[in-house]
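# Overview (structure and organization)
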Amino acid sequence: MNKEPWLIKNSTKEERQKRINGAIAIQSTGGGLPTPKAMELYQKYIDGEMELEEIKEKIIEMYKEG
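First, a word on scope: everything that follows refers to the structure included in this document. Because the structure is a prediction, the values reported are computed rather than measured. (Residues numbered from 1 in each chain as written. Predicted model: local features only at pLDDT ≥ 70, side-chain atom pairs only at ≥ 80, totals over all residues. Heavy atoms only, no water.)

Attention now goes to the overall build of the protein chain. Secondary structure summary: the protein chain contains three helices and zero strands in total. Going from N to C terminus, the protein chain has its helices and strands arranged as α-α-α. Overall, the C-alpha framework of the protein chain stretches about 40 × 25 × 20 Å when taken along its three principal axes. In the protein chain, once contacts between residues fewer than 6 apart in sequence are set aside, the share between residues at least 24 apart is 48%. (Helix = DSSP H or I, 4+ residues; strand = E, 2+ residues; numbered from the N terminus. Contact = heavy atoms within 4.5 Å.)

Next up on the list: the pattern of salt bridges. If you walk through the whole model with that rule in mind, you get three salt bridges. Of the charged contacts, one joins lysine 13 and aspartate 47 as a salt bridge, the two residues approaching to 3.2 Å between their closest N and O atoms. With a gap of 34 residues between them, lysine 13 in helix H1 (residues 13-29) and aspartate 47 in the loop between helix H2 (36-46) and helix H3 (52-65) connect regions that are remote in the sequence. According to the relative accessible area criterion, lysine 13 is partly exposed, its value standing at 44%. (Salt bridge = Lys/Arg side-chain N within 4 Å of Asp/Glu carboxyl O. Buried < 20%, exposed > 50% of the residue type's maximum accessible area, 1.4 Å probe, protein only.)

Moving on to the nonpolar core. Among the nonpolar cores identified, the biggest contains eleven residues, and these are Ile8, Ile20, Ile24, Ala38, Leu41, Tyr42, Tyr45, Ile46, Met50, Ile55 and Ile59. The set of elements that each furnish at least two residues to this core consists of H1, H2 and H3. The element contributing the most residues to this core is H2, with five residues. When near neighbours in sequence (up to four residues on either side) are disregarded, isoleucine 55 contacts Leu41, Tyr42, Tyr45 and Met50. (Core = buried A, V, L, I, M, F, W, Y, C linked by side-chain atoms within 4.5 Å.)

Residues Ala38, Leu41, Tyr42, Tyr45 and Ile46 constitute the buried set of H2. The arc that holds every buried residue of H2, seen down its axis, measures 150°, which confines them to one face. Of the surrounding secondary structure, the elements contacted by the buried residues of H2 are H1 and H3. (Arc of directions from axis to C-beta.)

Listed below in structure tokens is the structure:
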């Protein structure tokens, strides 16, 4: 069994797309959608260019900077 299915090396592009779509759906129930910059970062994950952990760090940086 795959212990880290969210990692790029352990997932297909389709699986990553579904994962991001689910996350966006959950976020939208809280009253908002991701910013365009966050969507760009999510696309990098879907395309296999950037891991979720890296994206999380960049998004945290964005909010700290305002």
